[in-house]
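Descriptive analysis of the structure
Chain residues, written in single-letter form:
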Amino acid sequence: MSRIGRLPIAIPAGVEVKVDEAARKVDVKGKKGELSYVYDKKIAVAVEGSEIHVTRENDEPKVRALHGLARTLIANMVKGVTDGFEKKLEIQGVGYRASKEGNKLVMNLGYSHQVILEEVPGITVEVPAPDAIVVKGIEKDKVGQFAADIRSKRPPEPYKGKGVRYAGEVVILKEGKSGKK
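These notes cover the structure that comes with them. (Residues numbered from 1 in each chain as written. Predicted model: local features only at pLDDT ≥ 70, side-chain atom pairs only at ≥ 80, totals over all residues. Heavy atoms only, no water.)

**Quick look at the environment of S178**
Note the following rule: Runs of H or I in DSSP of at least four residues are treated as helices and runs of E of at least two as strands, each being numbered from the N terminus.
Within the secondary structure, S178 sits in the segment after β13 (163-166). Along the chain, S178 and V26 lie 152 residues apart, while their C-alpha atoms are 60 Å from each other.

What follows is the structure, given as structure tokens:
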């Protein structure tokens, strides 16, 4: 049995989980929003008391992989509707900064133009400081993808470390040219 898949998912107070066996669909509703997931026909999901149990019908490698995946996706849905997810980014570099104008993120990243990104539905962007960006949402994959899109506009370069990076990300700097032999 999968080490991840066999673990039960605790349902916190205030979260409502509905499992539709016929449509193979799980709906999770909480204080932050509502999410749904359609699982594979070889996976079974059951709500027992205040826990969700995910099981599989056989031990084929593909089904074993789907078992752990389904359990993790459902656990992320439960966490998303209760606490939500967030990614923090830092901007480093002289003149590099970010600001929020309505639902648009405006960044000066050393280009001749401003980089403007519009918020996607379900994602909120906060700019607590000119050199910090916080991406929040209830869907983990959307939060991570939007943060990756922001980072891709100016990834940290290896010589001075300037650019957009995740909070806590370590950029190993390369040694520059040495004119002496």
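**Some thoughts on the sheet that holds strand β5 (residues 43-48)**
Quick reminder of the rule: Criterion used throughout: strands pair if DSSP finds at least two bridges between them. We call two residues in contact whenever any of their non-hydrogen atoms come within 4.5 Å of each other. Angular values range over 0 to 180 degrees, each being the angle between N-to-C directions of two axes fitted as lines to C-alpha atoms, with helices fitted over their stretch in contact.
Across the sheet, three strands lie side by side as β1-β6-β5; this open sheet has antiparallel pairing. Either end of the sheet is taken by a strand with one partner, and the two such strands are β1 (9-10) and β5. Note: β5 against strand β6 (residues 51-56), six bridges, orientation antiparallel. Looking at the pairing, I43 lines up with R56 of β6. With respect to the sheet, helix α1 (residues 61-82) is in contact with β1, β5 and β6, its orientation differing from that of β6 by roughly 165°.

**Describing the nonpolar core**
For clarity, the cut-off: Side-chain atoms within 4.5 Å link the members of a nonpolar core, which is a set of buried Ala, Val, Leu, Ile, Met, Phe, Trp, Tyr and Cys residues. Relative accessibility thresholds used throughout: buried, under 20% of the residue-type maximum; exposed, over 50%; partly exposed, between the two (1.4 Å probe, protein chains only).
Formed by 21 residues in total, the largest nonpolar core has its most connected members in V17, V26, V28, I43, V45, I52 and I74. Sorting elements by how many residues they give to this core places α1 first, with seven residues. Once residues lying within four places of it in the same chain are set aside, the contact partners of I74 are I9, V26, Y37, V45, I52 and V54.

**Quick word on unusual backbone geometry**
Glycine aside, residues mostly have negative phi, and peptide bonds are mostly found in the trans state. Here R24, not a glycine, exhibits a phi torsion of approximately 55°, which is positive. Relative to the elements of secondary structure, R24 occurs in the loop between β2 (16-20) and β3 (25-29).

**A few points about the sheet that holds β3**
Taken in spatial order, the three strands of this open sheet run β2-β3-β4, and their pairing is antiparallel. Only two strands of the sheet have a single neighbouring strand rather than two, namely β2 and β4 (34-38). Put simply, the sheet's adjacent strands are angled 15° from each other on average, direction ignored. Sheet topology places β3 next to β4; five bridges connect them, and they run antiparallel. Within β4, the residue paired with V26 across the bridge is Y37. On the sheet, α1 packs against β3 and β4 and is oriented at approximately 170° with respect to β4.

It is worth stressing that arrangement in space is one thing and function is another; only the former is reported here.
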